[in-house]
Amino acid sequence: RKAAMQWLEKKGFFDQGGLNMKEKDINFANTKQEKLDIITTKLACDYFIDDLPEIANKLLASSKTIPILFDPCGDHVTTGIKVMKEWNELRAVVEE
């Protein structure tokens, strides 16, 4: 988790000129089910970006949250799921 937070910081997620996220808004889960519960219940996200197709598929099938699969290598075949390969594609993917 420390490495994940360092990566987010390095990539500018907490910068005012970037996504301007707050560290308190970052959630970690111990299991995939706990992660899904946080996304759909605690946060009630409109969109959620994940690099696991399994999470994206479960969100698509069972919630109002719109999944976006982060797939930088284009390794996954998806149906009905928005996909982005780079973070700078986020706005375009959401506005599709």
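Report on the accompanying structure.

So, how was this worked out
- Residues numbered from 1 in each chain as written.
- Predicted model: local features only at pLDDT ≥ 70, side-chain atom pairs only at ≥ 80, totals over all residues.
- Heavy atoms only, no water.
- Salt bridge = Lys/Arg side-chain N within 4 Å of Asp/Glu carboxyl O.
- Helix = DSSP H or I, 4+ residues; strand = E, 2+ residues; numbered from the N terminus.
- Buried < 20%, exposed > 50% of the residue type's maximum accessible area, 1.4 Å probe, protein only.
- Phe/Tyr/Trp six-rings, centres within 6.5 Å; stacked < 30°, edge-to-face > 60°.
- Polar contact = N/O pair within 3.5 Å; in protein donor to acceptor, adjacent residues only side chain to side chain.
- Contact = heavy atoms within 4.5 Å.

1. A look at the pattern of salt bridges
Reasoning step 1: As enumerated under the stated definition, the model contains five salt bridges in all.
Reasoning step 2: The salt bridge partner of Lys 35 is Asp 50, with a shortest N-O separation of 2.4 Å. Taken together, the residues Lys 35 in helix H2 (residues 32-42) and Asp 50 in strand E1 (residues 47-50) connect sequence positions 15 residues apart.
Reasoning step 3: Classification of Lys 35 as partly exposed rests on a relative accessible area of 23%.
Reasoning step 4: By relative accessible area, Asp 50 is classed as buried at 5%.
Reasoning step 5: Among the charged side chains, a salt-bridge network with shared partners connects Lys 32, Glu 54 and Lys 58.

2. Some details on the packing of aromatic side chains
Reasoning step 1: Enumeration over the complete set of coordinates arrives at four aromatic pairs.
Reasoning step 2: Where Trp 7 meets Trp 87, the ring centres are 6.4 Å apart and the plane angle is 55 degrees; that geometry is what we call tilted. Note that Trp 7 is positioned in helix H1 (residues 2-10) and Trp 87 in the loop between strand E3 (82-84) and helix H4 (90-95), a separation of 80 residues in sequence.
Reasoning step 3: Taking 4.8 Å as the distance between ring centres and 25 degrees as the angle between the ring planes, the aromatic pair formed by Phe 70 and Trp 87 counts as stacked. In this pair, Phe 70 is assigned in strand E2 (residues 66-70) and Trp 87 in the loop between E3 and H4, connecting sequence segments 17 residues apart.
Reasoning step 4: The class for Phe 70 is buried, based on a relative accessible area of 17%.
Reasoning step 5: What makes Trp 87 partly exposed here is its relative accessible area of 31%.
Reasoning step 6: Counting every residue linked through ring pairs, the aromatic cluster contains Trp 7, Phe 13, Phe 70 and Trp 87.

3. Some details on the side chain of Thr 65
Reasoning step 1: Within the element layout of this structure, Thr 65 appears in the loop between helix H3 (53-62) and E2.
Reasoning step 2: Overall, the relative accessible area of 5% leaves Thr 65 in the buried class.
Reasoning step 3: At a separation of 2.8 Å, a polar atom in the side chain of Thr 65 contacts the main-chain carbonyl oxygen of Cys 45.
Reasoning step 4: Setting aside its immediate chain neighbours within four residues, Thr 65 contacts Ile 39, Thr 40, Cys 45, Asp 46, Tyr 47, Phe 48 and Leu 59.

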